[in-house]
Amino acid sequence: MGTDIWVHAEYLNFRRKKYQYINKHFYIIRSYLLFDILAGGRGRREPIYCQRGLPDNVSAKTLKDYRNEGDDIHDVSWLTTQEYRKCLDWYYEIVDAPNEDPPTEARRWREDYLSPDGTPNPEVAATAERIYRYLKASEDKGHPARIVFWFDN
């Protein structure tokens, strides 16, 4: 059994004074490296940001989906657009880490998650970047955005 992530993107609608779900389905294929960077979803490494749980002002759609998930969910959290970008940048730094002696922190992470000749699935980065573009587009229009996510087994 593996771990999957459920991602909801939301933006702050100032007129309604609450967060709204960005009506797009985002599915990130399994990437335990990215999962641990985001929230320690596999528990092998500490995430960049501590898990925050579900935000108090979560959108109705996200809350409904969360409640429908059942007992297998864990490591619930959320990140702002800028925090999410920082996580993606760390992901790329790890993936591109050169062989150095002594090994850098990025190289140690890479060795923990990827075999020496292994490369990550490019779909992971493509989907993660697509999510970021939606968040950034909302931010550029003056609407703070975030992702709310959790994992299941």
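One structure accompanies this document, and this report is about it. Here the residue numbers are simple positions, counted from 1 along each chain's written sequence. It should be noted that, the model being predicted, local features are given only for residues of pLDDT at least 70 and side-chain atom pairs only at 80 or more, the latter also being counted only at that level, while totals for whole chains, interfaces and linings use all residues. To obtain the side-chain values, all non-hydrogen atoms of the structure were included, while hydrogens and water were left out.

**Here's the deal with the nonpolar core**
Phase 1: What makes a nonpolar core is a set of buried Ala, Val, Leu, Ile, Met, Phe, Trp, Tyr and Cys residues whose side-chain atoms join them at distances within 4.5 Å. The buried label goes to any residue with under 20% of its type's maximum accessible area, the exposed label to any with over 50%, and the partly exposed label to all in between, with areas taken from a 1.4 Å probe on protein chains only. Membership of the largest hydrophobic core comes to 36 residues, with the highest contact counts inside it found for Tyr84 and Phe149.
Phase 2: For this core, the secondary-structure elements that each account for two or more residues are β1 (4-13), α1 (32-39), α3 (81-95), α4 (105-113), α5 (122-140) and β4 (145-152).
Phase 3: With 7 residues, α3 is the largest single contributor of residues to this core.
Phase 4: Setting aside anything within four residues of it in sequence, one finds Phe149 in contact with Ile5, Trp6, Val7, Leu38, Ala39, Asp75, Val76, Ser77, Trp78 and Leu79.
Phase 5: With 5 residues, the next largest nonpolar core counts Val58, Ile73, Val76 and Val148 among its residues. A run of H or I in DSSP counts as a helix once it spans at least four residues, and a run of E counts as a strand once it spans at least two, with each numbered from the N terminus. By definition, residues are in contact when any of their heavy atoms lie within 4.5 Å.

**Observations regarding unusual backbone geometry**
Phase 1: Phi at Lys17 is positive, roughly 60°, even though this residue is not glycine.
Phase 2: Position of Lys17 among the secondary structure elements: in the loop between β1 and β2 (18-21).
Phase 3: With a relative accessible area of 73%, Lys17 lands in the exposed category.

**Describing the side chain of Ser77**
Phase 1: Looking at the secondary structure, you find Ser77 in strand β3 (residues 73-80).
Phase 2: Polar contacts, as counted here, are pairs of nitrogen or oxygen atoms within 3.5 Å of one another; within protein the pair requires one atom able to donate a hydrogen and one able to accept it, and residues that are adjacent in sequence qualify only if both atoms are side-chain atoms. Looking at Ser77, its side chain comes within polar contact range of the main-chain nitrogen of Arg52, at 3.1 Å.

**Focus: the environment of Ile94**
Phase 1: If you trace the backbone, Ile94 turns up in helix α3.
Phase 2: It is 23 Å that separates the C-alpha atoms of Ile94 and Trp6, two residues lying 88 residues apart in sequence.
Phase 3: With residues up to four places along the chain from it excluded, the contact list for Ile94 reads Leu33, Ile37, Ala106, Trp109 and Arg110.

**Regarding the packing of α1 against α3**
Phase 1: For the pair α1 and α3, interaxial distance at closest approach is 10 Å and the crossing angle is 140°. When the axes of α1 and α3 are compared, the pair comes out oblique. The handedness of the crossing between α1 and α3 comes out as right-handed. Contacts between α1 and α3 pair Leu33, Leu34, Ile37 and Leu38 from the former with Tyr84, Cys87, Leu88, Trp90, Tyr91, Ile94 and Val95 from the latter.
Phase 2: Within the contact of α1 with α3, the residues separate by chemical class into 11 nonpolar, no polar and no charged. Orientation is described by axes fitted as lines to C-alpha atoms, over the contacting stretch for helices, and by angles from 0 to 180 degrees between their N-to-C directions. Any angle that falls under 35 degrees is termed roughly parallel, while one over 145 is termed roughly antiparallel, one within 65 to 115 roughly perpendicular, and all others oblique. Crossing handedness: left-handed means the near helix sits turned counterclockwise from the far one by under a right angle, and right-handed means the same turn made clockwise. Charged means Asp, Glu, Lys or Arg here, nonpolar means Ala, Val, Leu, Ile, Met, Phe, Trp, Tyr, Cys or Pro, and polar covers whatever is left, Gly included.

**Overview of the sheet that holds β1**
Phase 1: DSSP bridges decide pairing: two strands pair if at least two such bridges lie between them. Strand order in the open sheet formed by 4 strands is β2-β1-β4-β3, with antiparallel pairing between adjacent strands. With partners counted over all chains shown, the strands left at the sheet margins are β2 and β3, one partner each. With direction set aside, neighbouring strand axes in the sheet form an average angle of 30°.
Phase 2: Bridge analysis of β3 against β4 gives 6 bridges, and the strand direction is antiparallel.

**Observations concerning the packing of aromatic side chains**
In this description, an aromatic ring pair is defined by two values, namely the gap between the centres and the angle between the planes.
Phase 1: Note on ring pairs: Phe, Tyr and Trp rings are taken, using the six-membered ring of Trp, and paired if centres are within 6.5 Å. Classes follow the plane angle, with under 30 degrees stacked, over 60 edge-to-face and the rest tilted. Inspection of every chain in the model, using the stated rule, returns 8 aromatic pairs.
Phase 2: Between Trp90 and Trp109, the aromatic rings sit 5.9 Å apart at their centres with planes inclined by 75°, giving edge-to-face as the arrangement. Placement of Trp90 in helix α3 and of Trp109 in helix α4 is noted, with a sequence separation of 19 residues between them. Like Trp90, the residue Trp109 is buried in the burial classification.
Phase 3: By way of ring pairs, the aromatic residues Tyr32, Phe35, Phe149 and Phe151 are connected into one cluster.
Phase 4: Here, a charge over a ring is recorded when the distance from Lys NZ or Arg CZ to the ring centre is within 6 Å and its angle to the ring normal is within 35 degrees. Here the basic side chain of Arg52 rests over the ring of Trp78, its NZ or CZ set 4.6 Å away from the ring centre.
Phase 5: It is Arg85 that lies over the ring of Tyr132; its NZ or CZ is 4.6 Å from the centre.

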